[in-house]
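Residue strings, one per chain:
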Amino acid sequence: MANIKDVAKLAGVSVSTVSNIINGKTSVSADLYQRVTKAMQELNYHPNMLAMNLKKSKVNFIGIIINQMTGHYNQILEGIYREIDKQKSQPIVKIVNGCIAEKEAIDTLMRLGVTGIIVISSNLDDELLDIYKDTRVPIVFADFFPDNADMNAVCFDNRKIVYELTEQLKKKNDNIALIVGNHFLGSEQDCIDGFISAGGKSENILEINLDKDKLDKYLKIE
């Protein structure tokens with residue numbers, strides 16, 4: 001994702017010159033103006049108008065990317081809202097239903113000038129992780145987190161939770177199964193560890209894409 005420094009470098013001018021042209025703070029020659037606007041077009045750079053306004057109002061916006069807003073996700077959001085409110089910041093929530101939608105959400109939030117992004121997503125893979133690393137703003141993963149990735153994450157004790165649930169279910173029926181998402185997610189591996197530790201059978205672990213439509217179809221939920 002190009003930034004104002006990239007535009008200045010391509011146009012052969014200073015960053016302040018590009019900024020002044022964008023904000024209309026100074027008059028420049030037609031040639032210089034065209035060089036800057038051409039560089040912006042070539043790099044697909046769009047002036048971040050919200051970010052400019054934020055500098056004046058000193059309000060920080062925090063992006064939140066989440067797969068859905070049902071079940072325990074609502075509790076996670078409530079906790080995030082409370083903490084954001086304490087920081088006198090404002091949340092911008094983007095609900096995504098797949099990798100493509102998540103990429104678009106990241107791009108939108110960056111254009112809006114968020115100062116950080118909280119990610120609650122089961123779509124994570126190497127490509128999305130690289131995009132998050134390139135945002136140049138703080139990223140925090142909640143609930144789901146990329147396995148072995150050197151990035152900030154707030155995690156639940158999924159191993160303990162699944163262990164206790166498995167033990168409870170085994171008292172009623174020993175033939176139980178565990179459905180998890182991609183092993184790329186460290187949170188899913190914790191669930192597997194808890195299941196196995198409680199005596200769950202490895203052959204009863206089903207790894208699927210955590211997409212609601214596909215999950216409902218697999219479970220034959222009408």
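Not measured: the values here are computed from a predicted model. (Residues numbered from 1 in each chain as written. Predicted model: local features only at pLDDT ≥ 70, side-chain atom pairs only at ≥ 80, totals over all residues. Heavy atoms only, no water.)

Draft legend 1. Spatial organisation of unusual backbone geometry. The phi angle at Lys88 is positive, at roughly 60 degrees, despite the residue not being glycine. Along the polypeptide, Lys88 turns up in the loop between helix 5 (72-86) and strand 2 (90-95). (Helix = DSSP H or I, 4+ residues; strand = E, 2+ residues; numbered from the N terminus.)

Draft legend 2. Layout of the nonpolar core. Core analysis: the biggest nonpolar cluster contains 19 residues, and Ile65, Val114, Ile117, Val119, Tyr132, Ile139 and Phe141 have the highest contact counts within it. Those elements that place two or more of their residues in this core are strand 1 (61-66), helix 6 (99-111), strand 3 (116-120), helix 7 (126-133) and strand 4 (139-142). Top contributing element to this core by residue count: helix 6, with four residues. Once you skip the residues sitting within four places of it in the chain, Ile139 turns out to touch Ile117, Val119, Tyr132, Met151 and Asn152. (Core = buried A, V, L, I, M, F, W, Y, C linked by side-chain atoms within 4.5 Å. Buried < 20%, exposed > 50% of the residue type's maximum accessible area, 1.4 Å probe, protein only. Contact = heavy atoms within 4.5 Å.)

Draft legend 3. Spotlight on the sheet that holds strand 1. Strand order in the open sheet made by the five strands is 2-1-3-4-5, with parallel pairing throughout. Among the strands making up the open sheet, the edge pair consists of strand 2 and strand 5 (152-154). The sheet shows a mean angle of 25 degrees between the axes of neighbouring strands, taken without regard to direction. Sheet analysis places strand 4 next to strand 5, joined by three bridges and oriented parallel. Across the sheet, residue Ala142 finds its bridge partner in strand 5, namely Val154. Contacts from helix 5 reach strand 1, strand 2 and strand 3 within the one sheet, and its direction differs from that of strand 1 by about 170 degrees. (Pairing = 2+ DSSP bridges. Axes fitted to C-alpha atoms, helices over the stretch in contact; angles between N-to-C directions.)

Draft legend 4. Looking closely at the pairing of strand 1. By the criterion of burial, strand 1 is predominantly enclosed, with six of the six residues buried. The alternating pattern of strand 1 places Phe61, Gly63 and Ile65 and Ile62, Ile64 and Ile66 on opposite faces, both of which are buried. Taken together, the six bridges between strand 1 and strand 2 define a ladder with parallel strand orientation. Considered in strand 2, the bridge of Ile64 is made with Val93. Note that the unit made of strand 1, helix 5 and strand 2 has a crossover that is right-handed. Of the strand pairs in this sheet, strand 1 and strand 3 are connected by five bridges, and their pairing is parallel. Note that in strand 3 the partner of Ile64 across the bridge is Ile118. (Right-handed = clockwise from strand over helix to strand, strands pointing away.)

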